[in-house]
Amino acid sequence: MKTYELVGIGNAVVDVITQTDDSFLGHMGIEKGIMQLIEQERAEVLYAAMNERVQTPGGAVANTIAGAGALGMQTAFIGRVRDDALGHFYADAMTDHGIDFVNPPVANGDTPTSRCMIFVTPDGERSLNTYLGISTGLNSGDVPTEVSGNAKLMFLEGYLFDHDAGKTAFREAARATKAGGGKAGIAISDPFCVERHRDDFLSLIKNDLDYVIGNEAEMQSLFETDDTELALSKTADMCPIVVCTRSGDGVSLIRDGERVDVPVQSVTPVDATGAGDQFAAGFLFGLSRGCELEVCGRMGNLCAGEVISHIGPRPQKDMLAAFRAEGLIGA
């Protein structure tokens, strides 16, 4: 039976990226710098308004899985796509990157494949407009136990917590991974997602997870506080490994009471899309190899720094070579 170093469960979203300016955002009524969920009709309007689109398989955890695969990890991704053009584009693209795309495209029904229209302004800020489509239907039946039970690391996407079937699938997947001797964790994804499902998030983190990754706003939202240190302390009381990214201020990592704070090199972003996703890829690569906490954080920071230096949410450089150059792994 096949074993995986990293399995992700998340929204299978085709990212459609274009460069634009603030006046266009204002004209189209797009709120800058955040992710907004939109309906199918709005998705079609925004898609039609995009010039010089770059299309890539996306979704936060899927981006992490792709980054981990590029680092040589044996990976699989669990997500739902429709049997339509975008769905086949997504499945084929994941497979072409060496990722086992576990779920075949769904043939019946009329809900299309998920897509996210991303508008990047000259300051590198991205404004995301996501139509979730068929992704929201993910349930336990989409998560084969022979995959989740044979994962060294399982990584869950907080966005899927918006539906009860997704919550159940997450709990079952996490428990199957842990029963098989692996570790399960979550990307919190969004503070608004936490606000809608705070009790369920905290219950999952406390009872079923080994690690949690989030930014300052997401960590604060877990405990309804503006005090990041308090939020970190409370999360660390519940979960063995806690990782908090702080944008330009680096990252704080806590494992079993040991804390390290890893700074980042200042990089002017070309496109901030995927920074957190690729941080997670580097961090999880280090975690899977049993690296020291600081090394895991440095690996994550290098991957995040690389992805914001170009358009698109996935790495374009050989990050293993970058790790070697920094002395993080052997030659």
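Residues numbered from 1 in each chain as written. Predicted model: local features only at pLDDT ≥ 70, side-chain atom pairs only at ≥ 80, totals over all residues. Heavy atoms only, no water.

Q: What should I look at first to understand the UniProt feature "domain: Carbohydrate kinase PfkB" (unreviewed entry) in the protein chain in this one?
A: UniProt's feature table lists "domain: Carbohydrate kinase PfkB" (unreviewed entry) at residues 44-314, given in the numbering used throughout. In this annotation, residues 44-314 is assigned 41% helix and 20% strand; the end-to-end C-alpha distance for the span is 25 Å. (UniProt positions renumbered as here; feature names shortened; annotations may be inferred. Helix = DSSP H or I, 4+ residues; strand = E, 2+ residues; numbered from the N terminus.)

Q: Can you help me understand a negative patch on the surface in this one?
A: Among the surface-exposed residues, Asp 256, Glu 258, Glu 292 and Glu 294 lie close enough to one another that they form a single negatively charged patch. Considering the arrangement of structural elements, one finds Glu 294 in helix H12 (residues 293-307). (Patch = residues over 30% accessible without salt bridge, like charges linked within 9 Å, V, L, I, M, F, W, Y side chains within 5 Å. Areas by Shrake-Rupley, 256 points an atom, 1.4 Å probe, with all protein chains shown as cover. Salt bridge = Lys/Arg side-chain N within 4 Å of Asp/Glu carboxyl O. Lys, Arg positive; Asp, Glu negative; His and termini not counted. Charge placed at Lys NZ, Arg CZ, Asp CG, Glu CD.)

Q: Before we go on, may I ask you to explain the pattern of salt bridges in this structure?
A: Pairing between side chains of opposite charge can happen when their charged atoms approach one another. According to the stated counting rule, one finds 15 salt bridges in the structure shown. One salt bridge connects Arg 198 with Glu 224, and the closest N-O pair in it is separated by 3.7 Å. Of this pair, Arg 198 sits in helix H8 (residues 198-208) while Glu 224 is found in the loop between helix H9 (216-222) and helix H10 (228-238), placing the two residues 26 residues apart along the sequence. Asp 261 is the salt-bridge partner of Arg 259, the closest N and O atoms lying 3.0 Å from each other. Through salt bridges that share partners, Glu 216, Glu 229, Arg 246, Arg 259 and Asp 261 make up one connected network.

Q: Would you mind showing me how to read the packing of helix H6 (residues 164-179) against H8 here?
A: Relative orientation of the contacting elements H6 and H8 amounts to 10°, with a least axis distance of 11 Å. The angle between the axes of H6 and H8 places the two elements in the roughly parallel class. On H8, the residues touching Lys 167, Arg 171, Ala 174, Arg 175 and Lys 178 of H6 are Asp 200, Leu 204, Asn 207 and Asp 208. For the contact of H6 with H8, a count of residues per class yields 2 nonpolar, 1 polar and 6 charged. (Axes fitted to C-alpha atoms, helices over the stretch in contact; angles between N-to-C directions. Parallel < 35°, antiparallel > 145°, perpendicular 65-115°, else oblique. Contact = heavy atoms within 4.5 Å. Nonpolar A, V, L, I, M, F, W, Y, C, P; charged D, E, K, R; others polar.)

Q: How do you make sense of the nonpolar core when you look at a structure like this?
A: When a protein is soluble and globular, its nonpolar side chains tend to lie buried together. Formed by 59 residues in total, the largest nonpolar core has its most connected members in Phe 77, Tyr 90, Phe 155, Phe 283 and Phe 323. Each residue touching Tyr 90, except ones within four places of it in the same chain, is listed here: Asn 11, Ala 12, Val 13, Val 14, Pro 57, Gly 58, Ala 62, Phe 77, Val 81 and Phe 101. (Core = buried A, V, L, I, M, F, W, Y, C linked by side-chain atoms within 4.5 Å. Buried < 20%, exposed > 50% of the residue type's maximum accessible area, 1.4 Å probe, protein only.)

Q: Is there a simple way to think about the sheet that holds strand E14 (residues 258-262) in this case?
A: Here we have 9 strands laid out as an open sheet, ordered E6-E5-E1-E9-E10-E11-E12-E13-E14, and mixed in their pairing. For this open sheet the edge positions go to strand E6 (100-101) and E14, each flanked by a neighbour on one side alone. Those strands touched by H10 are strand E11 (211-215), strand E12 (241-245), strand E13 (251-255) and E14, and its axis lies near 155° from that of E12. (Pairing = 2+ DSSP bridges.)

Q: Help me understand the packing of aromatic side chains, please; the structure alone is not making it clear to me.
A: Per the counting criterion, the structure on display carries 9 aromatic pairs. For the ring pair Phe 161 and Phe 170, a centre distance of 5.8 Å and an interplane angle of 40° mean the geometry is tilted. An angle of 35° between the planes, with centres 5.7 Å apart, marks the rings of Phe 285 and Phe 323 as tilted. Residue Phe 285 is located in helix H11 (residues 275-288), and its partner Phe 323 is located in helix H13 (residues 319-325); the two are separated by 38 residues in the primary sequence. Note on accessibility: Phe 285 and Phe 323 belong to one class, buried. Three or more aromatic residues link up through ring pairs in this structure, and these residues are Phe 77, Tyr 90 and Phe 101. Here the basic side chain of Arg 53 rests over the ring of Tyr 47, its NZ or CZ set 4.0 Å away from the ring centre. (Phe/Tyr/Trp six-rings, centres within 6.5 Å; stacked < 30°, edge-to-face > 60°. Lys NZ or Arg CZ within 6 Å of the ring centre and 35° of its normal.)

Q: What is the right way to look at the side chain of Thr 64 in this model?
A: The residue Thr 64 is located in helix H3 (residues 60-70) in this model. Setting aside residues no more than four positions away along its own chain, Thr 64 makes contact with Phe 155, Asp 277, Gln 278, Ala 280, Ala 281 and Leu 284.

Q: What is the right way to read the environment of Glu 52 from this model?
A: Considering the arrangement of structural elements, one finds Glu 52 in the loop between helix H2 (40-48) and strand E4 (54-58). Residue classification places Glu 52 among the exposed positions, given a relative accessible area of 76%. Taking the C-alpha atoms as reference points, Glu 52 and Gln 19, separated by 33 residues in sequence, lie 8.1 Å from one another.

Q: What is the right way to look at H6 in this model?
A: Residue pairs three or four apart in sequence face the same way in an α-helix, which turns once every 3.6 residues. Helix length check: H6, at 16 residues, gives a terminal C-alpha distance of 23 Å against a target of 22 Å (1.5 Å per residue), a fit within 8%. Each element contacted by the buried residues of H6 is listed here: strand E1 (6-9), helix H5 (145-148), strand E9 (153-157), strand E10 (183-187) and H8. One or two steps after H6, the chain reaches Gly 181, where phi turns positive at roughly 95°. (Expected span 1.5 Å × (residues − 1).)

Q: Help me understand the sheet that holds strand E2 (residues 13-19) in this model?
A: Strands pair in a sheet through their backbones, by hydrogen bonds, and they do so in one of two ways: parallel or antiparallel. A sheet is described by the order of its strands in space; here 5 strands give the open sequence E3-E8-E7-E2-E4, paired in mixed fashion. Among the strands making up the open sheet, the edge pair consists of strand E3 (35-37) and E4. Averaged over all pairs of adjacent strands, the angle between their axes in this sheet comes to 25°, without regard to strand direction. By the bridge criterion, 6 bridges tie strand E7 (residues 114-120) to strand E8 (residues 126-131) in an arrangement that is antiparallel. Among the inter-strand pairings, Phe 119 is bridged to a residue of E8, identified as Ser 127.

Q: Explain the side chain of Asp 271 to me, please; I cannot follow it from the model alone.
A: Along the chain, the position of Asp 271 falls in the loop between E14 and H11. Despite being buried, Asp 271 has no salt bridge partner; Arg 126 is the closest side chain of opposite charge, sitting 5.4 Å away. Among the polar contacts made by the side chain of Asp 271, one reaches the main-chain amide nitrogen of Gly 312 at a distance of 2.9 Å. Among all residues touching Asp 271, those that are not within four sequence positions of it are Val 120, Gly 124, Arg 126, Val 307, Ile 308, His 310, Ile 311 and Gly 312. (Polar contact = N/O pair within 3.5 Å; in protein donor to acceptor, adjacent residues only side chain to side chain.)

Q: What am I meant to see in the environment of Gly 282 here?
A: Mapped onto the fold, Gly 282 is located in helix H11. Residue class for Gly 282 comes out buried when judged on its relative accessible area of 0%. It is 8.5 Å that separates the C-alpha atoms of Gly 282 and Thr 64, two residues lying 218 residues apart in sequence. The contact partners of Gly 282, leaving out residues within four places of it in the chain, are Leu 71, Cys 296, Met 299, Gly 300 and Cys 303.

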